[in-house]
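Remarks on the overall topology
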Amino acid sequence: MSMNAVPVIMFAAVISAPLATAAAQDSATAIGSAAALAGAWAGFAAHDGERSLVALEFEPGDDGKALVRLSVPAMHVSRQQIGRVAVQVTGADVRAGPFAFVYDSASKTLSGILPRALVPFYDVPVVLRLVERLELPVRPSVDARQVEPAWVFDAGSALWAGPAVAAGMIHAGADDGRLYALDARTGTERWFFQAGGPIRTRAAIARDAVFFQADDGFLYSLSARSGDERWRVRVVDATIKRVPPGQPGSRYDSFGSDVVVAGERLYLGTHDGKVLALDAASGQRVWEFTCGDAVVAAPTVVGSNVYFGSYDHNVYGLDTGTGRLVWKYDTGAPVVSTPAVANGRVIVGSRSYDLLGLDSETGDLLWKRYVWFSWIESSASVRGRIGYVGSSDATTVFAFDARTGQPVWEVDVLGRALGRPAVSEDRVYVGTSGVPNYLSDLRGAVIAMDRGTGRPIWQFVPEPSTGEGPYGFPGSPALGADLVFVTGLDGRVYAFAK
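Okay, so let's go over this structure. Since this is a predicted model, take the numbers as computed values, not measurements.

What to know about the nonpolar core
Of all hydrophobic cores here, the largest spans 34 residues; its most connected members are Trp41, Leu110 and Phe373. With four residues, strand E3 (residues 65-72) is the largest single contributor of residues to this core. Ignoring anything within four residues of it in the chain, the contact list for Phe373 reads Ser52, Val54, Val72, Ala74, Met75, Leu114, Leu118, Val119, Tyr353 and Asp393. In terms of nonpolar packing, the next biggest core, distinct from the first, is built from 16 residues, Ala144, Leu414, Ala417 and Met449 among them.

Laid out in structure tokens, this is it:
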């Protein structure tokens, strides 16, 4: 059961209370005027057989405008002012800023479709009723003991992508273009390599080689032992430019594609919309596949197929030998995570708010789970029949049946869980992050949860950020040497006892 089930039931009881004003009750065929909107209107949005609570509070003025406050418990938005908006009432039609409703005098409800700012892909209907009072659920805290790191390494520059662990070493790339190799048990620096641009990808380590791509457009191969460069090849024609999250024009493309090593080949996606297969020894291109937009997460290679998602809204299956298209599936919104492949399913999230299970051979949709008001940018981890994935605005980590998509448990982790959860035999580890001045309160933390129930076991919550940019731990945690490793936007690599 969801940990939020009890607050949701309490709120549902409140919104079904008797209507508050005579003006609404006595209306025959129209709501009358903007003044009749005064008060709190609450109800449910509905999609795919599920419902989510939504509320609007109106304070009409004498100038034809109303101060409007929005509450959406699913994304932890409580009485958020969306400004003074123009209100137009024409018979039964009501328009208030981005919201458009029809008033039904028999049921005394406002019915409409949620605006695209809240639901970018689907037409999601909502029905609101005037309520006597609006009592929103109290958001629970994470009930877990605070721990301190076993060691900390200060890289001095933001670390977006998570660390990679291999052969007793930690590899982590920073925004100043440095890739660090650290001793996994002590955090002692072994070497660093200076690339020509920020590193927003996790390194891949295989056969005493380290592979990674940087925002200067190059793919690098280094000696894992010494950090000496073996070769570099250009994989993107121009330097990658990113608009930071929260700023106008941002695509929220905070990451790049990791390199996948499979046999004698390397596979990776690029910001200019390609997936490449290269010879691991030389970097020579074997084949390339061009799609409609950027590929900002690593592909997955299983057997004779390569699977990946793109900003062009599609999930693709390619032939590993030739790069030939086998199938593609349109999710309706950008896909910025790495697919997980298990039990004959390709499991991947989309900015359409969907987590999808696709047939690995045909790309046919086998199941779909809608996550209210939240992009699914986290890559799923699957262990046995159970998958684990994070979410952005829902700030929730979900466990689900990988064959059917049916929920197992969910936990509000109080921040955006963007990375791939790290899963051990008995625990699930995630990092969370946020941006200042957002609609809901967010925090950066590292959390360990019980794998079977989702119950938080321990957490690390650093001092609150005083800066203006993103903060926290947006990358994927890594496990090794009986430790949990994370990287932070504060420029530090952290190690924790499991």
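Text resumes after the structure shown.
Considering the pairing of strand E17 (residues 218-223)
Looking along a regular strand, one sees the side chains alternate between the two faces of the sheet. For E17, a buried count of six out of six residues is recorded, marking the element as mostly surrounded by other parts of the structure. The side-chain alternation of E17 yields two buried faces, one formed by Phe218, Tyr220 and Leu222 and the other by Leu219, Ser221 and Ser223. Note that strand E16 (residues 209-213) and E17 share five bridges and pair antiparallel. In the strand pairing of E17, Val210 is matched with Leu222. Counted between consecutive antiparallel strands, the loop separating E16 from E17 contains four residues, among which Gly217 sits at a positive phi close to 95°. Alignment of E17 against strand E18 (residues 229-234), held across five bridges, turns out to be antiparallel. Opposite Ser221, over in E18, you have Trp231 as the bridge partner. Counted between consecutive antiparallel strands, the loop separating E17 from E18 contains five residues, among which Gly227 sits at a positive phi close to 80°.

Let's talk about the sheet that holds strand E14 (residues 189-194)
The strand order across the open sheet formed by four strands is E11-E12-E13-E14, and the pairing between neighbours is antiparallel. Where the open sheet ends on each side, the last strands, each with one partner, are strand E11 (164-166) and E14. The sheet shows a mean angle of 20° between the axes of neighbouring strands, direction not considered. Pairing between strand E12 (residues 169-173) and strand E13 (residues 178-183): five bridges, direction antiparallel. Bridging across to E13, Met169 finds its partner in Asp183.

Digging into the sheet that holds strand E20 (residues 265-269)
With respect to topology, four strands assemble into an open sheet ordered E19-E20-E21-E22, the strand pairing being antiparallel. The open sheet has two free edges, formed respectively by strand E19 (260-262) and strand E22 (285-290), since each of these has just one partner strand. Between one strand and the next, the sheet's axes are offset by a mean angle of 20°, whatever the strand orientation. Here strand E21 (residues 274-279) pairs with E22 via five bridges, running antiparallel. Bridge assignment links Val275 to a residue of E22, and that residue is Phe289.

Comments concerning the packing of aromatic side chains
How two aromatic rings sit relative to each other is set out by the distance from centre to centre and by the angle between their planes. Here the structure, examined in full by the defined rule, presents 30 aromatic pairs. An angle of 80° between the planes, with centres 6.0 Å apart, marks the rings of Trp160 and Phe255 as edge-to-face. Of this pair, Trp160 sits in the loop between strand E10 (151-154) and E11 while Phe255 sits in the loop between E18 and E19, and the two are 95 residues apart along the sequence. Classification of Phe255 by relative accessible area gives partly exposed; the value is 22%. When the centroid spacing of 6.1 Å and the interplanar angle of 10° are considered together, the rings of Tyr494 and Phe496 count as stacked. Accessibility expressed as a relative area gives 5% for Tyr494, which makes it buried. Aromatic ring contacts, followed pair by pair, group Phe121, Tyr122, Tyr353, Tyr370, Trp372 and Phe373 into a single cluster. Above the plane of the ring of Phe218 lies Arg232, whose end atom (NZ or CZ) is 5.7 Å from the centre. For the cation-ring pair, Arg251 lies above Tyr311, with the distance from its terminal atom to the ring centre recorded as 4.2 Å.

What counts and how
- Residues numbered from 1 in each chain as written.
- Predicted model: local features only at pLDDT ≥ 70, side-chain atom pairs only at ≥ 80, totals over all residues.
- Heavy atoms only, no water.
- Core = buried A, V, L, I, M, F, W, Y, C linked by side-chain atoms within 4.5 Å.
- Buried < 20%, exposed > 50% of the residue type's maximum accessible area, 1.4 Å probe, protein only.
- Helix = DSSP H or I, 4+ residues; strand = E, 2+ residues; numbered from the N terminus.
- Contact = heavy atoms within 4.5 Å.
- Pairing = 2+ DSSP bridges.
- Axes fitted to C-alpha atoms, helices over the stretch in contact; angles between N-to-C directions.
- Phe/Tyr/Trp six-rings, centres within 6.5 Å; stacked < 30°, edge-to-face > 60°.
- Lys NZ or Arg CZ within 6 Å of the ring centre and 35° of its normal.

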